[in-house]
Amino acid sequence: QVQLVESGGGLVQAGGSLRLSCAASGRTFSTYSMGWFRQAPGKEREFVAAISWSAGSLAYADSVKGRFTISRVNVKNTVYLQMNSLKPEDTAVYYCNHKTRVATMTAPFGSWGQGTQVTVSS
């Protein structure tokens, strides 16, 4: 089992930036692709970004391309999501997943953390 803890969320004005972090406690973290997902009120959880173990494969949702950047530091068992030019529609609870499939931008397996709230005001 892998435990995931998301952090870095908060309240920011439109156009601002935040960097989210996801720390994993399991030794398998560095061997899997990681991903970020989000869920807004009244919406289903949706894919945001994913990164392979070697960081050679990346995927982004169309809604965040050019604004968000996913990265990872395997020796720290941590994945990051740098969010720039934030918009009110980015408001959601953000979750990370340790078994995200980059090619299909899905996470049918793996664990989820409790998430971190991101609120963007206009």
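Everything below is about the structure shown above.
Treat the numbers as computed from the prediction; the structure is a model and nothing was measured.

**Q** Would you take a moment to explain the state of the cysteines for this structure?
**A** Think of a disulfide as a covalent bridge from one cysteine sulfur atom to another cysteine sulfur atom. Tallying each qualifying case throughout the model produces one disulfide. Disulfide partner of C22: C96, at an S-S distance of 1.8 Å. Because the torsion about its S-S bond is 40°, the bridge between C22 and C96 counts as right-handed. Linking C22 in strand 3 (residues 18–24) with C96 in strand 9 (residues 92–97), this pair joins segments that are 74 residues apart in sequence. In this structure C22 comes out as buried when scored by relative accessible area, which is 0%. On the accessibility criterion, C96 (0% relative accessible area) is buried.

**Q** What is the right way to read the sheet that holds strand 9 from this model?
**A** Think of a sheet as strands paired side by side through backbone hydrogen bonds, with each pair either parallel or antiparallel. Strands sit in the order 2-10-9-4-5-6 across an open sheet of six strands; the sheet is mixed. Looking at strand neighbours, the two that pair on one side only are strand 2 (10–13) and strand 6 (58–60), the edges of this open sheet. On average, adjacent strands in this sheet sit at an angle of 25° to one another, irrespective of strand direction. Summarising the sheet, strand 4 (residues 34–39) and strand 5 (residues 46–51) pair through five bridges and their orientation is antiparallel.

**Q** In this structure, what is going on with the pattern of salt bridges? I would like to understand it.
**A** Opposite charge on two side chains lets them pair, provided their charged atoms get close. In this structure the tally under the stated criterion is four salt bridges. Here K65 and D62 are joined by a salt bridge, their closest N and O atoms 3.1 Å apart. Each member of the pair K65 and D62 is classed as exposed. Residues R67 and D90 are paired through a salt bridge, measuring 2.7 Å at the closest nitrogen-oxygen approach. A residue pair is termed long-range when its members are at least 10 positions apart, and R67 in the loop between strand 6 and strand 7 (68–73) and D90 in the loop between strand 8 (78–83) and strand 9 qualify at 23 residues.

**Q** What's the story with the sheet that holds strand 1 (residues 4–7) in this structure? I'm lost.
**A** If you walk across this open sheet you meet the four strands as 1-3-8-7, and the pairing is antiparallel. Bordering the open sheet on either side are strand 1 and strand 7, each of which pairs with just one other strand. Strand-to-strand, the axes of this sheet are offset by a mean angle of 15°, without reference to chain direction. The pairing of strand 1 with strand 3 spans four bridges and is classified as antiparallel. Bridge pairing links V5 to A23 in strand 3.

Parameters at a glance
- Residues numbered from 1 in each chain as written.
- Predicted model: local features only at pLDDT ≥ 70, side-chain atom pairs only at ≥ 80, totals over all residues.
- Heavy atoms only, no water.
- Disulfide = S-S within 2.5 Å.
- Helix = DSSP H or I, 4+ residues; strand = E, 2+ residues; numbered from the N terminus.
- Buried < 20%, exposed > 50% of the residue type's maximum accessible area, 1.4 Å probe, protein only.
- Pairing = 2+ DSSP bridges.
- Axes fitted to C-alpha atoms, helices over the stretch in contact; angles between N-to-C directions.
- Salt bridge = Lys/Arg side-chain N within 4 Å of Asp/Glu carboxyl O.

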